[in-house]
Amino acid sequence: MPLKSNPKPRPDPDALGYRKLFGVLGPSTNTVVQPDFDDLRVRGVTNHYSRIVVEDAQAISNETFMAGTLEISRNTLDAVRGVLTCNPDYLVMGMSAVTFYGGAEGAQKWRENIESEAGLKLCTGSQSLIEAFKAYGGIKKIVVLSPYYPSANAHVAHFMADHGVEVVRDTCLRCSSWTSIAQVPTETLREELHALDGDDVDALVQVGTNLSMTRLAAAAEMYLGKPVIAINTATYWNALRQNDITDQVSGFGRLMEEF
């Protein structure tokens, strides 16, 4: 049985979220998505975070990393059930790895399963990047910076290839646990961006929602002279645009300021 067949219309607008209530789904170990999305929030839109309960997995190999992400995937519907009680208008996924698995077809099926169970549309990080590429235009070759292990980066490359985008180079930070992703210093991320960049790529992309990159990506766009897209920025931007909210927000790069 679906968790919720249709959203119930509110007789009166929500006092704060009078334009939209976003139900945000994120791992319980993630400390970056919630503040990032609140920084990107515009007037009349409110974010209601529901935690996907998982242990702070010790990711010491490809196998343990993948197992940890699949645990998050399995527990997502419990978080959906929790957030539906506030009667949101729309769901936003605050975890990106599983939204790339299985290429374009696998990602679509995963999203549609959540939407079918919830009775609401869901914005995912993987599809948001594709929408961001369309907005910038001309993005066909990218580099990818992630906190993942190589097995997960391979899924990102597969998903991108299905959409006609080539991952020319990538970096796996191989973070040792879910919480340690949020502890990667800005200096390390800046160095990785410089190492990845080159004349042979159109854009730099960061995945992994617990990696703090929204402000660094915006700054890097200016000194690298090309799109630098943080997954949290792309996801929230796409959630707004999918709901016909076109407000622009300064300080988070061209995506939020121009498109």
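Preceding block: the structure.
Scope of this entry: the structure provided in the associated data block. The shown structure was predicted, so the numbers you read here are calculated from the model rather than taken from an experiment.

1. Let's talk about helix 6 (residues 186-196)
All buried positions along helix 6 are accounted for by Leu189, Leu193 and Leu196. Take helix 6 and look down its axis: the buried residues cluster within an arc of 70°, on one side only. Among the exposed residues of helix 6, those pointing more than 90 degrees away from its buried face are Glu191 and Ala195. At its buried positions, helix 6 is contacted by strand 5 (141-146), strand 6 (166-172), strand 7 (203-206), helix 7 (214-224) and strand 8 (228-230).

2. Looking at the packing of helix 4 (residues 125-136) against helix 8 (residues 231-242)
Two elements in contact, helix 4 and helix 8, have axes separated by 8 Å at closest approach and are oriented at 80°. Considered as vectors, helix 4 and helix 8 are oriented roughly perpendicular to each other. Of helix 8, the residues touching helix 4 (which contributes Gly125, Gln127, Ser128, Leu129, Glu131, Ala132 and Ala135) are Ile231, Ala234, Thr235, Trp237 and Asn238. In terms of residue class, the contact of helix 4 with helix 8 is built from six nonpolar, five polar and one charged.

3. Notes on the side chain of threonine 233
Within the element layout of this structure, threonine 233 appears in helix 8. Apart from the residues within four sequence positions on either side, threonine 233 is in contact with Leu40, Thr214, Phe252, Leu255 and Met256.

4. A few points about the sheet that holds strand 5
The parallel open sheet is built from four strands, whose spatial order is 6-5-7-8. The open sheet terminates on both sides in strands that have one partner only, identified here as strand 6 and strand 8. For this sheet, the mean inter-axis angle between neighbouring strands, taken without regard to orientation, is 20°. Bridging between strand 5 and strand 6 involves six bridges; their strand directions are parallel. Directly across from valine 144, in strand 6, lies its bridge partner aspartate 170. Where helix 8 meets the sheet, it contacts strand 7 and strand 8, and its direction lies at approximately 75° from that of strand 8.

5. Side note on the pattern of salt bridges
Scanning the entire structure with this criterion turns up nine salt bridges. A salt bridge links aspartate 247 to arginine 19; the shortest N-O distance between them is 2.9 Å. Residue aspartate 247 is located in the loop between helix 8 and helix 9 (254-258), and its partner arginine 19 is located in the segment before strand 1 (20-27); the two are separated by 228 residues in the primary sequence. Taking relative accessible area as the criterion, aspartate 247 reaches 19% and is therefore assigned buried.

Thresholds, definitions, all that
- Residues numbered from 1 in each chain as written.
- Predicted model: local features only at pLDDT ≥ 70, side-chain atom pairs only at ≥ 80, totals over all residues.
- Heavy atoms only, no water.
- Buried < 20%, exposed > 50% of the residue type's maximum accessible area, 1.4 Å probe, protein only.
- Helix = DSSP H or I, 4+ residues; strand = E, 2+ residues; numbered from the N terminus.
- Arc of directions from axis to C-beta.
- Contact = heavy atoms within 4.5 Å.
- Axes fitted to C-alpha atoms, helices over the stretch in contact; angles between N-to-C directions.
- Parallel < 35°, antiparallel > 145°, perpendicular 65-115°, else oblique.
- Nonpolar A, V, L, I, M, F, W, Y, C, P; charged D, E, K, R; others polar.
- Pairing = 2+ DSSP bridges.
- Salt bridge = Lys/Arg side-chain N within 4 Å of Asp/Glu carboxyl O.

It is worth stressing that arrangement in space is one thing and function is another; only the former is reported here.
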